[in-house]
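Examining the three-dimensional arrangement
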Amino acid sequence: MDSKYYVSGPVGPKPVPDGMSRRSFFSAMTIILGGVISSVLGFNLGRYFISPVWATKKENWINISLLEKIPNGIPTSVNYIQRKPDGWMANEGVDTVWFLRQGNKVIAFNPKCTHLGCPYRWDSEKDVFVCPCHTALFSKTGEVLSGPPPRPLDRYPVKTENGIVKILPEPEEGEI
Amino acid sequence: MKNWLDERIGWKKIKEVLLDRKIPRVTSLHTLGSICLFLFILQVITGIFLAMNYSPSPDHAYDSVRYISEIPGGRFLRGLHFWSATAIVIGVFLHMLRVFFMGSYKFPREATWWTGVGLLLIIVGGFGFTGYLLPWDQKAYWATVVGLNLAKQMPYLGHYIAAIIRGGSEIGAVTLTHFYAFHVLLLPAITMLLLGSHLFLVVWHGISSLPERTKEGSGQLISNDNWKQKVSDRYHELKSQGKPFFPYIVYKDMVAITFVFLAIVWLAMEKGVHLEVVADPTDKFYNPRPEWYFLFLFQLLKYFPGSFEVLAIAVIPVVLIGFLVLLPLIDRGPKRHPFDRPFITIIGVIGLTGMIYLGIEGYYSPLTNPIIEKDIRVLDGQRLFFENFRCQSCHSINGRGGVFGPPLDTVGLRRSKDWLAEHFRDPEKVSPGTKMPNFGMLDNEVAVLVAYTSSLGGGPFTAQAPALFKDNCSDCHKVGDMGEALASDLSGVGQYREQGWIAKYIENPKKMDPKAEMEGFDGILTKEQIEDLSRYLAAQR
C-alpha cells in the first residue's frame, strides 16, 4: 500500500458531509451509552445513599413494670434497659420514662421537655412538672401551664398485658 | 457559553489537545486501557459508598458487610465492587499482553510502560491482597494468613515486612485497620499518581500505532543510526491519517465499556458476592484457596520442597517483575512486530502458557479437607449465645458452662422452635417463676438463637437409632465405645457434618464422594430409618 496517497490528501478518505453525519452519530451514541451506565449506577447509588430517609423502625415494645408497682395518681419516673438495633449492632442503654397511672389507665411521657429537650422533674409540692432550662411548667397530664414549650409533653404508646406495662419508646416527631 | 468557558479555563485549547487530537488506526484491543480506567473509576465510586456502612474492626467488620447487603441497593453495589475488581485484574493483564505483543512499550513509550507495570502490581498485589481481608470471613482470614506467611519467608527482610503489614503481633484489629487504610487511602493515592502519569504520557506520546513488519513500513529503519527520528516521522504520518479522539475513538471505547459494565451488572445481580462464615482461627477443616488469579503462584509452591521454596516465593517473582521492568531496556530498536522480535515473543508465549497451565492445575487440584457446609444462622446464634448474652454463665453444653440453669445439650430435641422463640422473648411467659432474665432481645437475635439452640442435639432421633447403628454400621464404624473403627470413627461427626448431608451420604455415598467405598443404604433401610440414623449421628459431637 502506498501510504503517500493518504498523506497528500487534505482530509481523510471519507468525503466531508458523510463524515459530519458519522461524527454526530458517534457523539450521540457515546453520550447515550454513557447516560445508560450513569443512570444504572446513579439509580442504585442513589437509593443506597438516601435509604435512611424511608428506613422504617421496627415496633419494639418494652416491658417496664408491673402495673400495681406504679403509684396511683402520682407521676413516677422509671428507668429501664432498652436493647436497640444500631446499624449492624445491638446497643443496650438505660433510658427513663415518666408514668402517670390513673386506675388501670397509664400515660407514659417522653422524659424530655418539648421546648429544647431538657430533662424535667416532678415538683410534688406544687403538683407540676418543672423544666430547669427555661422554667417551663406542665400539668400532671402534660399540658403547658407556662413558659416557652410549643406543645404538651410527648407521650409514648403504652399498653398493659398480663399486668405488665409496656411502652414503645419511639422518638416523637419534632423531638430533638 | 463556549467562549465564556474558553476565557476561564482555556476550553478551546483543552478540546484541541485532548478531544480533537488525531489517533492512528487502532484495533478493538486498544479499548482495554479505557476499560481499565472505567473499572478503576467504578471501584472508587462503589468503594466510597461501601465505606459509608463498613466498620474496620474484627468485632464489626463481618456484621457490617452483611448489613450492607440489607440496605437497598447494597447487595448490588457490593457485587459491582467485587466483580469489577475481578474484571480489572483481567483487564490490566490483557492490556499488558496487548502492549507486550504489539511492542508498544518501545521508544518513546518506555516510561508509559513503567507506570503501567506499577499500576499492575498495585492493583493486583496491593488492592487485591488488602481488599480481600476486609469482609473478615473465613476466606479473608486464611488468605491473609497465607499471604503474610509467604512474605515472612522472603530472605532477610521477610519477618520485618510481615510485621509491618500485620501491624500487631497476630492478625487482628491492627491488621484490619492497616489493611483498611492501605486499601482506601494509601493505595488509591499512589494509584492516582501513577494513573495520572500514565494517562499524561499516553496523551503526550499519542496512542502507539499498529506494529508493522520490517519489510513494509518501518523496514528501511533497520540498522539506521537515525531510527528514532524515522520512528517519530512514521508515527506522525500514521497519526495524521487517523481520526479525532472524540468521538471516533471515544465511541469505540464506550461501546466496549458498556459491554463490560453490563456483564458486571449481570454478575452482580445473578451471582452476587459470596460471604462465608465469620473468620475462625480455630477452624481445622477449612480449605484455604487463593483467588483464581493467584492460583498459578499457589500451584507453583507445590513444586518447591523445603529450603527451595525461597525460589518460588522470592526469586521467581523478582525475576518476573524484573523482566517486566527491564523489558524496554532489553528489547530496544525500531522493530515492533511480534514476528520481527521472535526471542521476546517466545518468552512471552512461554510465560503466558506457564501461568495458564499452573493456574488450571491449581484450579483442579483436589481439596484436602471435606467441604463442610455451615448454617450461617446457627453460627450467628452461637456467637450471640457465647459472646453477647453469655448464656454459658448459667447453662452448660456438653458439660461446659454454668449450673444455674438447665443444661442445653439436647434442648433441640426437647423444645419446639416456637417454644424456644417465646422463651427468648419473654422467659416468664413460658416458664413462670423462671430465674432467667428478659434480655429484651431483638427479633433477629431471637431468630438466630432459635436456630442455634434447636440445632443442639442434631434434631430428635428415636430410641431405635442406636440399635440401627449397631445392626447396620458398627461392623465398620465406631461411635463412642460401640463398633469397630475399620472405616472412619464417627464419634464426633456431628461437629463437622450436618444431618442433611449425613442422610444423603447414608442413602448413596458415591453421590457425595465418588471415591467412597461404602455401599448405599437406599432400599435397605427405609427413608424414615435413614433420617433417624442421620439425626443420631449428627448428635455425636
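Everything here concerns the structure above.
Nothing here was measured: the structure is a model prediction, and the numbers come from that model.

**Concerning the sheet that holds strand β3 (residues 89–102) of chain A**
Residue and element names in this part refer to chain A. Pairing within the open sheet is antiparallel, and its four strands lie in the order β2-β3-β4-β9. With partners counted over all chains shown, the strands left at the sheet margins are β2 (76–86) and β9 (155–156), one partner each. Alignment of β3 against strand β4 (residues 105–109), held across five bridges, turns out to be antiparallel. By the bridge assignment, F99 is partnered in β4 with A108.

**Regarding the state of the cysteines**
All names here are of chain A. Counted under the stated rule, the structure contains one disulfide over all chains. Each sulfur of the disulfide joining C118 and C133 lies 1.9 Å from the other. Its torsion about the S-S bond being -95°, the disulfide of C118 and C133 is classed as left-handed. Here C118, found in the loop between β4 and β5 (121–123), pairs with C133, found in the loop between β6 (128–131) and β7 (136–138); they are 15 residues apart in sequence, far enough to count as distant.

**With respect to the pairing of β4(A)**
All names here are of chain A. Counting buried positions along β4 gives four out of five residues, so the element sits mostly inside the fold. Examined bridge by bridge, β4 and β9 share two bridges and lie antiparallel to one another. Across the sheet, residue A108 finds its bridge partner in β9, namely Y156.

**Concerning the packing of helix α6 (residues 110–133) of chain B against helix α9 (residues 173–205) of chain B**
Residues and elements named next belong to chain B. Following both chains from N to C, one finds α6 and α9 inclined at 160°, their axes separated by 9 Å at the closest point. It follows that α6 is roughly antiparallel to α9 by the angle criterion. Crossing of α6 against α9: the hand is left-handed.

Rules used in this analysis
Residues numbered from 1 in each chain as written. Chains lettered and ligands numbered in written order. Predicted model: local features only at pLDDT ≥ 70, side-chain atom pairs only at ≥ 80, totals over all residues. Heavy atoms only, no water. Pairing = 2+ DSSP bridges. Helix = DSSP H or I, 4+ residues; strand = E, 2+ residues; numbered from the N terminus. Disulfide = S-S within 2.5 Å. Buried < 20%, exposed > 50% of the residue type's maximum accessible area, 1.4 Å probe, protein only. Axes fitted to C-alpha atoms, helices over the stretch in contact; angles between N-to-C directions. Parallel < 35°, antiparallel > 145°, perpendicular 65-115°, else oblique. Left-handed = near helix turned anticlockwise from the far one by under 90°.

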